[in-house]
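# Per-entry structural report
For reference, the chains in residue letters:
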Amino acid sequence: DLLVELSNDNIAAAFAKSQSDVQAAEADFELVKANLEARHTALKAALIYARLDFKQVNARYSALTHLKKTSVIPIAELEYVNAKVSVEQAEGKMEVAQLELDSFHKIATAQTRAGEFRFTAVQQEHARIKKQFDDLHIRASRAGIVQNIHFNPGEGVTSAAPIAQIVDPTSVYVTLTVPAIQATK
């Protein structure tokens, strides 16, 4: 049972702020994760589009190459060279998109670890302040009746000082002195 509730406005304010800081840190971390996921999706899409472009221009280039070798119909050299260059450009775009995606994985891992570290640090600080706040509530080590309080409201209390004296009501005995004249009544 609660014996004494102490107050410390600084600790109470720090506790309230730490609760808010934990919520803000959690929201920031979730935002980082959401932004990283969105960026990851955009990079994957860019890679998919680059692969599709490559397949398209490569198919055209392959067809023109086949026609050039087997057909009696002359193919303009410029058209053939343009198709070849388009394939090389599409290959380059695909490689760049893959490199960006690979690089993103490293950045995402680092940002996620940094966010987790910041969030954990805020949680640890909150736990430290919560302990201080909880320590303002002093609970009796056993059930009983408060016989004596060793301090007055507003006084400072040290951690080693006794706060109150508690007695067990089952072991209380009373010694009375009764005058003989009243003992017979």
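Below you will find a few notes about this structure. A quick note: this is a predicted structure, and the numbers were derived from the prediction, not measured.

A separate point is the overall build of the protein chain. For the protein chain, the count of helices and strands is 3 helices and 4 strands. In terms of overall size, the protein chain is more extended than a compact globule, its C-alpha atoms giving a radius of gyration of 40 Å where 185 residues would be expected to give roughly 16 Å. Principal-axis analysis of the C-alpha atoms places the extent of the protein chain at approximately 145 × 30 × 20 Å. Taking all 185 residues of the protein chain together, 17% fall into the buried category. Long-range contacts, defined as pairs at least 24 residues apart, comprise 69% of the intrachain contacts of the protein chain with a sequence gap of at least 6. Of the accessible surface of the protein chain, which amounts to about 14,000 Å², a share of 56% is contributed by carbon and sulfur atoms. A gap of 6 Å separates the mean positions of the 20 positive and 22 negative side-chain charges of the protein chain.

All right, on to the pattern of salt bridges then. Following the criterion strictly, the structure yields 7 salt bridges and no others. Here Lys17 and Asp21 are joined by a salt bridge, their closest N and O atoms 2.7 Å apart. Within this pair, Lys17 and its partner Asp21 are both found in helix H1 (residues 9-70), separated by 4 residues, close to a single helical turn. Taking relative accessible area as the criterion, Asp21 reaches 30% and is therefore assigned partly exposed. The shortest N-O distance in the salt bridge between Glu77 and Lys68 comes to 3.1 Å.

Take the nonpolar core next. By size, the foremost hydrophobic cluster in this structure holds 8 residues: Leu36, Leu43, Leu47, Ala50, Ala97, Leu101, Phe104 and Ala108. Listing elements by their share of this core, those giving two or more residues are H1 and helix H2 (77-134). With 7 residues, the next largest nonpolar core counts Phe54, Leu64, Val87 and Ala90 among its residues.

Definitions and cut-offs
- Residues numbered from 1 in each chain as written.
- Predicted model: local features only at pLDDT ≥ 70, side-chain atom pairs only at ≥ 80, totals over all residues.
- Heavy atoms only, no water.
- Helix = DSSP H or I, 4+ residues; strand = E, 2+ residues; numbered from the N terminus.
- Rg over C-alpha atoms; globule rule 2.2 N^0.38 Å.
- Buried < 20%, exposed > 50% of the residue type's maximum accessible area, 1.4 Å probe, protein only.
- Contact = heavy atoms within 4.5 Å.
- Areas by Shrake-Rupley, 256 points an atom, 1.4 Å probe, with all protein chains shown as cover.
- Lys, Arg positive; Asp, Glu negative; His and termini not counted.
- Charge placed at Lys NZ, Arg CZ, Asp CG, Glu CD.
- Salt bridge = Lys/Arg side-chain N within 4 Å of Asp/Glu carboxyl O.
- Core = buried A, V, L, I, M, F, W, Y, C linked by side-chain atoms within 4.5 Å.

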